[in-house]
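The chain contents come next:
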Amino acid sequence: RLGQSPRLAQSVNSKVIAERTLRLISRWQRAQNEKQFDSWLDLADGGRIYEKIVPGKHGWLAIYYKQVNAIENTVRFWQEIKDQEGNLREIHEKYPIDKGHIKL
């Protein structure tokens, strides 16, 4: 074929393979997140916020949230602690920076 560069063809093929691999990893990660968390909210940008509720001592609840982008990379991860009346008592942002427990 005249005018077709073998390097260009190899570069295009590598890009296609990389995109397919990323899609497969994203689907696998999404399936893992759906197994680990109780529910999720789909965001307009293609990302999600996952939620998992864990009952604690004395009737309190720990609610874990994981926000991911459209390819399921974690953007933010945090925990909220609510008392038995449902009042927010503590927040612990763990990712991207662990800020420790903040009592409210």
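Nothing here was measured: the structure is a model prediction, and the numbers come from that model.

Trainee: When you look at the pattern of salt bridges in this model, what are you seeing that I'm missing?
Mentor: Note that side chains of opposite charge can pair when their charged atoms are close. Overall, the coordinates contain six salt bridges when judged by the stated rule. Residue R48 pairs with E34 through a salt bridge whose shortest N-O separation is 2.6 Å. Linking R48 in strand β2 (residues 48–55) with E34 in helix α1 (residues 6–36), this pair joins segments that are 14 residues apart in sequence. Here E34 falls in the partly exposed class, since its relative accessible area comes to 30%. Taking the shortest distance from any N to any O, the salt bridge between E93 and R76 comes out at 3.6 Å. With E93 in strand β5 (residues 88–95) and R76 in strand β4 (residues 74–82), the pair connects residues that are 17 residues apart, well separated along the chain. A relative accessible area of 15% means that E93 is categorised as buried. For R76, a relative accessible area of 28% puts it in the partly exposed group.

Trainee: I keep staring at unusual backbone geometry and nothing clicks. Help me out?
Mentor: Leaving glycine out, the prevailing phi sign among residues is negative, and the prevailing peptide bond configuration is trans. In this structure, P96 follows Y95 across a cis peptide bond, with omega equal to 15 degrees. Following the sequence through the fold, P96 ends up in the loop between β5 and β6 (100–103). Unlike most non-glycine residues, E72 shows phi in positive territory, near 70 degrees. Structurally, E72 is set in the loop between β3 (61–68) and β4.

Trainee: Explanation requested: the pairing of β6 in the structure shown.
Mentor: Successive residues of a regular strand alternate their side chains across the two faces of the sheet. Both β5 and β6 contribute to a ladder of four bridges, which runs antiparallel. Among the inter-strand pairings, I91 is bridged to a residue of β6, identified as I102. Joining the antiparallel neighbours β5 and β6 is a turn of four residues.

Trainee: So what exactly am I meant to see when it comes to the side chain of Q79 here?
Mentor: Its place among the elements puts Q79 in strand β4. Residue class for Q79 comes out buried when judged on its relative accessible area of 6%. Within the structure, the side chain of Q79 is placed 3.1 Å from the side chain of Y64, a separation counted as a polar contact. Beyond its immediate stretch of four places on either side in the chain, Q79 contacts A62, I63, Y64, E90, I91, H92, K94 and H101.

The rules behind the values
Residues numbered from 1 in each chain as written. Predicted model: local features only at pLDDT ≥ 70, side-chain atom pairs only at ≥ 80, totals over all residues. Heavy atoms only, no water. Salt bridge = Lys/Arg side-chain N within 4 Å of Asp/Glu carboxyl O. Helix = DSSP H or I, 4+ residues; strand = E, 2+ residues; numbered from the N terminus. Buried < 20%, exposed > 50% of the residue type's maximum accessible area, 1.4 Å probe, protein only. Pairing = 2+ DSSP bridges. Polar contact = N/O pair within 3.5 Å; in protein donor to acceptor, adjacent residues only side chain to side chain. Contact = heavy atoms within 4.5 Å.

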